[in-house]
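Spelled out, the chains give:
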Amino acid sequence: MAVRKTDALILKVLPYRESSCLVYLFTKQHGLVNGIAKGVKRKKSGSPPVERGMRAELIVYSKPQRELHTIAGIQTLDMYEGIRAGLEKSALRDAAFEMVLKTMKHSEPHADLFDFFDRFLSGISGTPLCSCFPRALWRFYIDYARILGFGANFFNCAGCGKPLDTIAGGYLIHEKGGCLCEQCLPQKPAASYLPGAVLEHIRSQPDRAGPASVSFPVNTVQRITRLLASYCAYHCDIRPDFNSLDFLDDLLKGQCSSFYREGMIHQAFGAREC
Ligand SMILES: [Zn+2]
């Protein structure tokens, strides 16, 4: 039996028998690991709970050829409190986690991915909702694709190589691994269209504000979110069905009256303040 101490993100937790939990982890040293955390439901008061979305240091007791390992010694490192506080940020996190759970294989070490996930969670935890919902998820899908080796080029047409116009926009074509300009597409698939303002937003650096005061209709935001998710799904060879995105769609529709105006995602792209 190998005993390994590692940092881990808890992607999913399910109750298991009387007092234990089944936990799905993304670990810094060993990639995706599934295991059983025994007795965690009976923890004494004051002990950290095992909760989806937290980062912890823990010990994995593993046996070769086994899919479920034993998880013990869980010490909380970060709860990402800003995410736990609201449904919308939790929905962004859960959409990212669903992508990871569906696309990552077991036992693939990816320290760079672990750091990327940690930055994503810290980012949305510490950012005002109107600046990250749902733009942080778009950035997540784009960077996830890049780290896994199938990143799309949003600057030049994958057909003719000409720069993509930020007025005309472009079309994200999965099988081309990037975007095509209008001239390179005889038929223009509406589902793949990236408006110029979206292209501009996607090109902006993640740590900088994008174009100020950009608004998109809610249905455009929903479509772009699914387009970027399906791009990852296509290249990872999985079905583009994501339960978390159905919930996100409901939140986008439901929130229009509170911090979005007239059904538009107002200043959700680049605004620094709410
Ligand atoms: Zn072209």
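See above for the structure.
Conventions adopted
- Residues numbered from 1 in each chain as written.
- Predicted model: local features only at pLDDT ≥ 70, side-chain atom pairs only at ≥ 80, totals over all residues.
- Heavy atoms only, no water.
- Helix = DSSP H or I, 4+ residues; strand = E, 2+ residues; numbered from the N terminus.
- Buried < 20%, exposed > 50% of the residue type's maximum accessible area, 1.4 Å probe, protein only.
- Contact = heavy atoms within 4.5 Å.
- Areas by Shrake-Rupley, 256 points an atom, 1.4 Å probe, with all protein chains shown as cover.
- Pairing = 2+ DSSP bridges.
- Donors = N, O, S within 2.8 Å, 3.2 Å for Na, K, Ca; no water.
- Axes fitted to C-alpha atoms, helices over the stretch in contact; angles between N-to-C directions.
- Parallel < 35°, antiparallel > 145°, perpendicular 65-115°, else oblique.
- Nonpolar A, V, L, I, M, F, W, Y, C, P; charged D, E, K, R; others polar.
- Core = buried A, V, L, I, M, F, W, Y, C linked by side-chain atoms within 4.5 Å.

Draft legend 1. Structural context of the overall build of the chain. Counting its secondary structure elements, the chain contains eight helices and 10 strands. Counting every position in the chain, which comprises 274 residues, the buried fraction comes to 50%. Contacts in the chain between residues far apart in sequence, at least 24 positions, make up 67% of those at least 6 positions apart. Accessible surface, the chain as shown: approximately 13400 Å² in total, 49% of it carbon and sulfur.

Draft legend 2. Examining the environment of Gly82 more closely. In this fold, Gly82 is placed in helix α1 (residues 81–84). Its relative accessible area of 22% is what places Gly82 among the partly exposed residues. Between the C-alpha atoms of Gly82 and Gly126, which are 44 residues apart in sequence, the distance is 6.1 Å. Leaving out residues up to four positions away in the same chain, Gly82 has contacts with Lys89 and Ser125.

Draft legend 3. Local environment of the sheet that holds strand β8 (residues 193–194). Read from one edge to the other, the open sheet built from three strands follows the order β7-β6-β8, with strand pairing classed as antiparallel. The sheet is open, and its two edges are formed by β7 (178–180) and β8, each paired on a single side. Alignment of strand β6 (residues 170–173) against β7, held across three bridges, turns out to be antiparallel. Directly across from Leu172, in β7, lies its bridge partner Cys179.

Draft legend 4. Broad picture of the coordination of the zinc ion. Summarising the metal site, the zinc ion is bound by the protein donors Cys157 (SG), Cys160 (SG), Cys181 (SG) and Cys184 (SG), whose distances to it range over 2.2 to 2.4 Å. Expressed as a motif, the donor residue spacing for the zinc ion is C-x2-C-x20-C-x2-C. On the basis of relative accessible area, Cys181 is assigned to the buried category, the value being 9%.

Draft legend 5. Region of interest: the packing of helix α3 (residues 111–125) against helix α5 (residues 135–148). Taken N-terminus to C-terminus, the directions of α3 and α5 make an angle of 170°; their axes are 11 Å apart at the nearest point. Judged on the interaxial angle alone, α5 and α3 are roughly antiparallel. Touching Asp112, Leu113, Phe116, Phe117, Phe120 and Ile124 of α3 are Ala136, Leu137, Phe140, Asp143, Tyr144, Ile147 and Leu148, all from α5. Taken together, the residues of the contact of α3 with α5 break down into 11 nonpolar, no polar and two charged.

Draft legend 6. Summary view of the nonpolar core. One finds Phe140, Tyr141, Tyr144, Phe154 and Leu194 to be the most contacted residues of the largest nonpolar core, which totals 66 residues. Among the elements that take part in this core, helix α7 (residues 218–236) stands out by supplying 10 residues, more than any other. Those residues within four positions of Phe154 in sequence are excluded, and the remaining contacts are Ile142, Leu164, Leu172, Cys179, Leu194, Leu199, Ile202, Arg203 and Leu228. Within the second largest apolar cluster, 16 residues are counted, among which are Ile10, Leu25, Ala37 and Val40.

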